Amino acid sequence: MARVYNFSAGPAVLPEEVLSSAAAEMLDYQGTGMSVMEMSHRSAAFKGIIETAEQDIRDLMNIPDNYRVLFLQGGATQQFAAIPMNLMQNKVVDYIVSGNWSKKAFKEAKLYGDARCIASSEDENFTYVPDVDGLTFSPDADYVYICQNETVYGNRYTKLPETGDIPLVSDVSSMFLSEPMDVSKYGLIYGGVQKNVGPAGVVIVIVRDDLIREDVLPFTPTIMRYKTQADAGSLSNTPPCYGIYMCGKVFKWLKGLGGLEAMQKLNEEKAAILYDYLDQSKLFSGTAKKEFRSLMNVPFVTGNPELDAKFIAEAKAAGIENIKGHRSVGGMRASIYNAMPKAGVEALVQFMDKFERENA
Ligand SMILES: *Cc1c(COP(=O)(O)O)cnc(C)c1O
């Protein structure tokens, strides 16, 4: 068996223990004589899986009782539509655009109402997050929307906008469970799990009770109404059963590590190894501004596209996979999610150092 160091932005690396444990249960889940893939979502065994998963994510994130946890399909992108459909009352919503994911979400929201971009960092190719202190929100805004960690540009919020009574909505796809969050500061938190939590196919929505409404935009499909899924415990229709099972295993893995404080400490250590190297390198440089650097997604360049291509090819030969950057930034991107071991980041830095010496 040859496992590589997989720096993919998503779907991405999962903890080896989690994969092994799922493999061991593949043919017979806990004496049921069947795989989780083969069982009814109404079975007692699956009920145990989804209820345990919910309790574990509640414990990990310290989710208050007045928030519901929904395990849904459709990915984060479907939430770009579901959020305005479910939350628009005045049909005025404020978006902060700090990268391509918030830009896409903003564009989608405009289909349903008066979506306003109240701040953007596009002027400098999203190398920073707009200052949230000087912002004025629309007085009748139904929510303020942010993408807290922008996967492509590798930036993250260092503090949250103070939105007062206006619910704050956050896309945390690429930083889900990477550090503790104060859930009570948000109206809704959501993320596709394939970056940091599980296999593609599940999106988790954590939403405050009062935002689960009957009076959603009238054309909202029944299946996309939060109330439908909240009332049915995410079982209104067949949920992504196997993906939820895998997320549950990752939750247990995180608990075993000591929870999100411990995970954050590890993530900070890993990111520091890479950023410290980048800061002293004469060949490579990080593209995001220091203050806003993501702990999860680290884009970097040599400034020479030919050298970037050479680096990517040689890295692959050395067992460093999926290091190519997104086309809108170019160069390289190392996604160093929860499941990327410290040894993987060390191996990357060692390889970069060797490449730098060879190509000086
Ligand atoms: C990947 C990603 C998305 C899109 O997720 P899908 O599940 O592919 O729809 C949205 N937001 C962020 C921050 C992402 O990283």
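Residues numbered from 1 in each chain as written. Predicted model: local features only at pLDDT ≥ 70, side-chain atom pairs only at ≥ 80, totals over all residues. Heavy atoms only, no water.

- By the naming in an unreviewed UniProt entry, the protein is Phosphoserine aminotransferase, taken from Senegalimassilia anaerobia.
- Recorded in UniProt for the protein, the comment headed Sequence similarities (unreviewed entry) runs: "Belongs to the class-V pyridoxal-phosphate-dependent aminotransferase family. SerC subfamily."
- For the protein, the Subcellular location (unreviewed entry) comment in UniProt is given as "Cytoplasm". (UniProt positions renumbered as here; feature names shortened; annotations may be inferred.)

Points about the site of the ligand
Thought 1: In the vicinity of the ligand, the contacting residues are Gly75, Ala76, Thr77, Phe80, Trp101, Cys147, Asn149, Thr151, Asp171, Ser173, Gln194 and Lys195.
Thought 2: Within the backbone of alanine 76, one N or O atom sits 3.1 Å away from an oxygen atom of the ligand.
Thought 3: A distance of 2.5 Å is found between an oxygen atom of the ligand and a side-chain nitrogen or oxygen belonging to lysine 195.
Thought 4: In isolation the ligand offers 390 Å² of accessible surface; the protein chains occlude 87% of this area.
Thought 5: Residue composition of the shell around the ligand, by class: four nonpolar, six polar and two charged. (Near = heavy atom within 4 Å. Polar contact = N/O pair within 3.5 Å; in protein donor to acceptor, adjacent residues only side chain to side chain. Areas by Shrake-Rupley, 256 points an atom, 1.4 Å probe, with all protein chains shown as cover. Nonpolar A, V, L, I, M, F, W, Y, C, P; charged D, E, K, R; others polar.)

Some points on the UniProt feature "domain: Aminotransferase class V" (unreviewed entry) in the protein
Thought 1: In the UniProt entry, the feature "domain: Aminotransferase class V" (unreviewed entry) is given for residues 4–348.
Thought 2: The span residues 4–348 is 33% helix and 17% strand, and its two end C-alpha atoms sit 11 Å from each other. (Helix = DSSP H or I, 4+ residues; strand = E, 2+ residues; numbered from the N terminus.)

Quick look at the packing of helix 7 (residues 259–280) against helix 9 (residues 342–358)
Thought 1: Contact geometry for helix 7 and helix 9: axes closest at 9 Å, N-to-C directions at 10°. One way to sum up the angle between helix 7 and helix 9 is to call them roughly parallel. Residues Glu269, Lys270, Ile273, Leu274, Tyr277 and Leu278 of helix 7 form the contact with helix 9, whose participating residues are Lys342, Val345, Glu346, Leu348, Val349, Met352, Asp353 and Glu356.
Thought 2: Classifying every residue of the contact of helix 7 with helix 9 by side-chain character gives eight nonpolar, no polar and six charged. (Axes fitted to C-alpha atoms, helices over the stretch in contact; angles between N-to-C directions. Parallel < 35°, antiparallel > 145°, perpendicular 65-115°, else oblique. Contact = heavy atoms within 4.5 Å.)

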